[in-house]
Amino acid sequence: MRNVFIITLALVFSTGVAFAQGNEAFIQQVSETPPPITSNNNNDALVDQTGESNFARVIQGTLAPFSGAVLNNEARVFQDGTDNFARQHQVGNSNFARVDQDGTENRAYQQQARNNNEARIIQDGTGNEARQNQVMFTGTLDASNNFARIFQDGHDNWARQDQDYASNDARIVQEGDDNWARQSQDGQANGLGFNEARTFQDGSGHWALGIQSGSDHFSRIDQGGLDNTATVRQRD
C-alpha cells in the first residue's frame, strides 16, 4: 500500500508541473546599495503566471544608483500566455505598480522612486512593449505622487512614459498594430509638475510624442486610421 501511495503522488506532481511549463518568477525584498539599509519593511509583492515561458522579476529594494528607505510598496504581476516578460523596481515609500499581460511576447518595465507613485500597464496581444519610469533621470529620489497608465491592445505596439518631480498624470491607449507613443513630464528646477498628458491611438502605424517641461501643462493627442504623426512640446 505504501508503494502505491508514493507512485500516485508522483503522478499527480508530474501532471501539475506539465500544466504550466517553464514560468519563472523572482521577488527581491532586500537592499544592496551600501551602506546596508535596515528600513526595508512592509513591502508586498505578488506574481501570478499562467501559461508557458513567462518571466517576472520584482525588486523592492535599493540597487545602484538608488539609496534610501524602502517601505510599504505594493507590486503586482499577472501574466497569462507565452513568453511574456515583466520587471518592476520600487524604491522609496508607498508606491504601487501593476502589470497585466495576456498574450504572447509582451514586455513590461516599471521603475518607481520616492513616494506615492502609481503605475499600471495592461497588455493584450502579441509583441507589445511598455515602459514606465517615475524617477529623476539623474538617479536621485525625487519623483512623487505621479500617475501613469498604458493600455495596449493589438500587436507590436510600443509605449513609454517618463515622470519626475511631483503630481504628473500620463495616459496612453493603443488599439491596433505597430503604434509608437512616448510621454515625458519634467517639473524642472521648481520641483513641481501638475502636468497632464493623454495619447489615444486607434489603427496602425501611428507615431506620437509629448514633452512637458515645467508646470500645469495639458496635452491630448488623438489618432485614428493609418500612419499619422503628432508632436507636442510644452515648456514654461
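Our structure's up above, just so we're on the same page.
Residues numbered from 1 in each chain as written. Predicted model: local features only at pLDDT ≥ 70, side-chain atom pairs only at ≥ 80, totals over all residues. Heavy atoms only, no water.

A.B. asks: Sorry if this is basic, but what is going on with the side chain of Gln-60 here?
C.D. replies: The residue Gln-60 is located in strand β4 (residues 55-60) in this model. Within the local environment of Gln-60, its side chain forms a polar contact with the side chain of Gln-29, the two groups lying 2.7 Å apart. In terms of polar contacts, Gln-60 uses its side chain to reach the side chain of Gln-90, at 2.9 Å. If sequence neighbours within four positions are ignored, Gln-60 has contacts with Gln-28, Gln-29, Val-30, Asn-40, Asn-43, Asp-44, Ala-45, Val-70, Asn-73, Glu-74, Ala-75 and Gln-90. (Helix = DSSP H or I, 4+ residues; strand = E, 2+ residues; numbered from the N terminus. Polar contact = N/O pair within 3.5 Å; in protein donor to acceptor, adjacent residues only side chain to side chain. Contact = heavy atoms within 4.5 Å.)

A.B. asks: In this structure, what is going on with the nonpolar core? I would like to understand it.
C.D. replies: Nonpolar side chains in soluble globular proteins tend to end up buried together. Judged by nonpolar contacts, the single largest core of 15 residues is most densely connected at Val-47, Val-58, Val-77, Val-99, Ile-121, Ile-150 and Ile-172. Going through the elements one at a time, β3 (44-52), β4 and β6 (74-82) are the ones with two or more residues in this core. In contact with Val-47, not counting residues within four places along its chain, are Ala-25, Ile-27, Ala-56, Val-58 and Val-77. (Core = buried A, V, L, I, M, F, W, Y, C linked by side-chain atoms within 4.5 Å. Buried < 20%, exposed > 50% of the residue type's maximum accessible area, 1.4 Å probe, protein only.)

A.B. asks: Is there a simple way to think about the packing of aromatic side chains in this case?
C.D. replies: To describe a pair of aromatic rings, one takes the distance between the centres and the angle between the planes. The full count for this structure, using the stated rule, is 5 aromatic pairs. Where Trp-158 meets Trp-180, the ring centres are 5.1 Å apart and the plane angle is 10°; that geometry is what we call stacked. Of this pair, Trp-158 sits in strand β14 (residues 158-166) while Trp-180 sits in strand β16 (residues 180-186), placing them 22 residues apart in sequence. Judged by its relative accessible area of 25%, Trp-180 falls in the partly exposed class. Connected via pairs of aromatic rings, a cluster forms that spans Phe-26, Phe-55, Phe-85 and Tyr-109. When the ring centre of Phe-26 is taken as reference, the NZ or CZ atom of Arg-57 above it lies at 4.9 Å. The residue whose ring lies beneath Arg-131 is Tyr-109, and the NZ or CZ to ring-centre distance is 3.9 Å. (Phe/Tyr/Trp six-rings, centres within 6.5 Å; stacked < 30°, edge-to-face > 60°. Lys NZ or Arg CZ within 6 Å of the ring centre and 35° of its normal.)

A.B. asks: Explain the pattern of salt bridges here, please?
C.D. replies: Pairing between side chains of opposite charge can happen when the charged atoms of each approach one another. Within the structure shown, the criterion is met by 11 salt bridges. Across the salt bridge formed by Arg-171 and Asp-169, the nearest N and O atoms sit 2.9 Å from each other. On the accessibility criterion, Arg-171 (32% relative accessible area) is partly exposed. Residues Arg-198 and Glu-196 are paired through a salt bridge, measuring 3.3 Å at the closest nitrogen-oxygen approach. Here Glu-196 falls in the partly exposed class, since its relative accessible area comes to 34%. (Salt bridge = Lys/Arg side-chain N within 4 Å of Asp/Glu carboxyl O.)

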